[in-house]
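This is what each chain is made of:
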Amino acid sequence: MKLETQAYKEITNNVTVAGNITLTDGQEYPINAQSYYKLLATDSNRDNRKMCYDKRFYHLINESDKMAALYLQKAKNDDLVTRELNYSDAYEAKMFESYLDEGQIEEMNSVFKERKGAFVGYHEFRRAKLEVDQLMPYDLQLQLMDDPNEVYNYTDTLAEIEASYAGMDPIFGEIFTETVTGNLIDVYPNPDDGKQPGGYCSSLFPLKLSGIIFLNYDGLINDKKTVTHEMGHAIHFYLMGNVVDYTYCGGEEYEMEIPSTFNEELFVDYVLENYDQEIAVAVLDQHIRGYENYFTFQPMITEFEHQAHILCDGRDEISGAELNSLWTNLSKEYEDENIGYYDEDSAGWTYVSHIYFTNNYYTFSYSLSKAITLSLFKMYKEDPQDFNERYVQYLSAGTTMTPPEKLKKYFGIEINGTLFEDAMDVVEMRVNQLQELDEGR
Ligand SMILES: [Zn+2]
């Protein structure tokens, strides 16, 4: 069996299937990849959340030796292939293919570590909200809204999204209208007829259209964010498709999510201005949790992969405990030490499917992409008019230039410490907004 397939199978059938717990009301609750997060996000009973967290925490440790053996094999193959191609290792190869160098990603990681304090105020807000003495790892995902299931109809959502583009170049509104009226969006879930979950946007470059958007709109507030996210891809595709030749319609992994996540920022601003306080607090809380994922968890995965490759190099076997220790030590560099993480080494790496893929070192793209988005968003807030002109050209350029050339030409920015500091400034701004909103200011 292909190594990647084998890893995926283990993760799906064993690693994330931690067994049953008995909830405080006597109900038996099976823990798997979905139900684990569902309980942590929705169960206000802290004992239940702790049981759920513990069950998986210790189960992952039990799975770690087996996954370490698989990872060793994988890491050695990665490096072997890339050395045949005259790279020093797989990490260098990945950076080269991404038009980056190792120093840039190192700088990114060190800015995120240095400024992890930006999340301390956010955690303190949650701790007070949940009325606990110390925030524990099983308190981090709980939704804050009393009724998170309020349903909004689709046409109202579209009107709100259109309004959220008010500060953007008029072309945003035009592409939006063309897309929503052009029979290009599959909106509602339809599992009985085999419609799959999720959301995405497929390009239609040769037709010079925005794209076909696939949604599962349930009317939750999060679905609104998904609509504008996919619309970001659609706008990007439309601009490229109408400006550059088909051959140049595309981009690097870390470029493609910029317009979609930029739109999410616009939507969060819209919510802050137009929704009542409780909903705005809940949306902002969830949004900041997203930043935390992008700027702590995702870069840490890439750093783990890099160091794990070095650890595996030349070895014939490696234990789960060694990789657990590596993972935990790195976690400490990224995490807020006020949170009550356990003393035992965590095997959190075992279920991260990206690390077993042939396309390894993938997750830094999420962090880099989000950092570029936020630094552009900072520019937008400072001078929307000037920004808009540059942004439309930037999105239209496709692959006629490399990603760093494009950033330099249209925004004068480079992928270095300043960019990551700018991104963290936006995180701080959002945390301040959350605190002010919560205090009713
Ligand atoms: Zn996307």
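Everything that follows concerns the structure shown earlier in this document.
First, a word on what this report is: a plain description of the structure on this page. Model, not experiment: these values are computed from the prediction. (Residues numbered from 1 in each chain as written. Predicted model: local features only at pLDDT ≥ 70, side-chain atom pairs only at ≥ 80, totals over all residues.)

### Brief notes about the overall build of the protein chain
Line of reasoning, step 1. Along the protein chain, the regular secondary structure elements total 17 helices and 5 strands.
Line of reasoning, step 2. Its C-alpha atoms give the protein chain a radius of gyration of 22 Å, near enough to 22 Å, the size a compact globule of 441 residues would have.
Line of reasoning, step 3. Evaluated residue by residue, the protein chain yields a buried proportion of 38% over its 441 residues. (Helix = DSSP H or I, 4+ residues; strand = E, 2+ residues; numbered from the N terminus. Rg over C-alpha atoms; globule rule 2.2 N^0.38 Å. Buried ≥ 20, exposed ≤ 12 C-beta atoms within 10 Å, placed from the backbone.)

### Points about the packing of helix α3 (residues 46–84) against helix α13 (residues 320–334)
Line of reasoning, step 1. In the contact formed by α3 and α13, the axes pass within 7 Å of each other and the chain directions differ by 100°. Judged on the interaxial angle alone, α13 and α3 are roughly perpendicular. Contacts from Ile 61, Ser 64, Asp 65, Met 67, Ala 68 and Tyr 71 of α3 reach α13 at Gly 320, Leu 323 and Asn 324.
Line of reasoning, step 2. Residues belonging to the contact of α3 with α13 are distributed by class as follows: 5 nonpolar, 3 polar and 1 charged. (Axes fitted to C-alpha atoms, helices over the stretch in contact; angles between N-to-C directions. Parallel < 35°, antiparallel > 145°, perpendicular 65-115°, else oblique. Contact = placed C-beta atoms within 7 Å. Nonpolar A, V, L, I, M, F, W, Y, C, P; charged D, E, K, R; others polar.)

### Examining the sheet that holds strand β3 (residues 185–186)
Line of reasoning, step 1. Within the open sheet, the 3 strands sit side by side as β3-β5-β4. Their pairing is mixed. With one partner strand each, in any of the chains shown, β3 and β4 (200–204) form the two edges of the open sheet.
Line of reasoning, step 2. Two strands pair when backbone bridges link them, and β3 and strand β5 (residues 209–214) are joined in this way by 2 bridges, in the parallel orientation. Among the inter-strand pairings, Asp 186 is bridged to a residue of β5, identified as Phe 214.
Line of reasoning, step 3. The strands touched by helix α9 (residues 221–243) are β4 and β5; relative to β5, the strand with the most contacts, the crossing angle is about 155°. (Pairing = 2+ DSSP bridges.)

### Observations regarding helix α14 (residues 364–382)
Line of reasoning, step 1. With 19 residues, α14 extends 27 Å from end C-alpha to end C-alpha; this agrees with the ideal 27 Å at 1.5 Å per step.
Line of reasoning, step 2. Counting buried positions along α14 yields 15 of 19 residues, so the element is predominantly enclosed. (Expected span 1.5 Å × (residues − 1).)

### Thoughts on the environment of Tyr 122
Line of reasoning, step 1. As for its placement among the helices and strands, Tyr 122 is situated in helix α6 (residues 120–130).
Line of reasoning, step 2. On the basis of neighbour counts, which here come to 22 C-beta atoms within 10 Å, the residue Tyr 122 falls in the buried class.
Line of reasoning, step 3. Residues Tyr 122 and Val 427, spaced 305 residues apart in sequence, show a C-alpha to C-alpha distance of 9.9 Å.
Line of reasoning, step 4. In this view, Tyr 122 contacts Ile 288, Val 431 and Leu 434; residues no more than four positions away in its chain are not counted.

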